[in-house]
Every structure is written in C-alpha cells, then in structure tokens.
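Breakdown of the fold
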Amino acid sequence: GVLIKVDVVTDEYPGETTWSLADKCANDSVVLQSPSYADSHTLYTSSYCADSYAQYTFEIFDSYGDGICCGYGEGSYTVYENEEERISGGAFQNSDWQSFGSCPQSLGLSSGVSESISSYAGSLAG
C-alpha cells in the first residue's frame, strides 16, 4: 500500500482550519478530511493508507481568510507519500489547493476506446 500522511501545525485560531484530500483517479472522492482542531500551535497528523499510487488533490480552507501563516502564528501543512514530502504551505488567504501524484496507467482504457471509435467512424465515411 501507499501511506499518505497529512501534518498540520495549527495557528492561533485552529477552529478556522479545515481541509480535504481527494483521489482524482476515483472521481475526486474524498479519502481523508480534517478532524476538528482545538489546540493552537499544535502538530496534528492524519493518515490514509491507499491501495496504490494515485493523483491527489489537497484543499485547505481558513474560514477567517487569513490562512494559517503568518499573521497569527506559524501554521503550516505538509503532505507526505510514503514518508516523502510532496506538497506543503501555510501562507494563503481563504484557501489553498495543490495536487500531486498521477493516476495508474492501467486506467487508460478511455484512450483505447476513443481510438477504436474514431477509426470505426473513418471506415463508415469511406
């Protein structure tokens, strides 16, 4: 499996922070979301074990619109894939959005389908 880990260091207003992690290869289904953060200036870790590598979209929100760095504390987020850092941040306003990874090649069935349709259409035209 593939371990996805999200580290969030909260700022002075942890209740303003929410985030979600979605699997782009599975119709953007949310695989992990933030717990309720109660303690300020605290490291919180959330984990998700995936079957295989995929493309993920991480979206983080701050309800007050001042991010989690750097006006009211040095908050940050870091997302790891099998202990390797993939994305990080903290200085944003209302929200921040980052993507990493890629969908498995075995899911490329649609390209084969469209090719067969176009060649079929070509033979009809001829």
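Going by the structure above, here's the rest.
Residues numbered from 1 in each chain as written. Predicted model: local features only at pLDDT ≥ 70, side-chain atom pairs only at ≥ 80, totals over all residues. Heavy atoms only, no water.

**Details of the state of the cysteines**
- Per the stated rule, a full pass over the model turns up two disulfides.
- Covalently, Cys25 is tied to Cys103 through a disulfide, its sulfur atoms 2.1 Å apart. Around the S-S axis, the bridge from Cys25 to Cys103 shows a dihedral of about -100° and counts as left-handed. With a gap of 78 residues between them, Cys25 in the loop between strand S2 (17-23) and strand S3 (29-33) and Cys103 in the loop between strand S8 (95-100) and helix H1 (109-125) connect regions that are remote in the sequence.
- At a sulfur-sulfur separation of 1.9 Å, the disulfide partner of Cys69 is Cys70. With the S-S bond torsion at 85°, the cross-link from Cys69 to Cys70 turns out right-handed. (Disulfide = S-S within 2.5 Å. Helix = DSSP H or I, 4+ residues; strand = E, 2+ residues; numbered from the N terminus.)

**Describing the packing of aromatic side chains**
- Following the criterion strictly, the structure yields six aromatic pairs and no others.
- Plain terms: the ring middles of Tyr48 and Tyr56 are 6.5 Å apart, the flat faces sit at 80° to each other, and that makes the pair edge-to-face.
- For Tyr48, a relative accessible area of 22% gives the class partly exposed.
- A centroid spacing of 4.9 Å and a plane angle of 35° characterise the contact between Phe58 and Tyr77, whose relative ring orientation is tilted. (Phe/Tyr/Trp six-rings, centres within 6.5 Å; stacked < 30°, edge-to-face > 60°. Buried < 20%, exposed > 50% of the residue type's maximum accessible area, 1.4 Å probe, protein only.)

These figures come from the coordinates and say nothing about function on their own.
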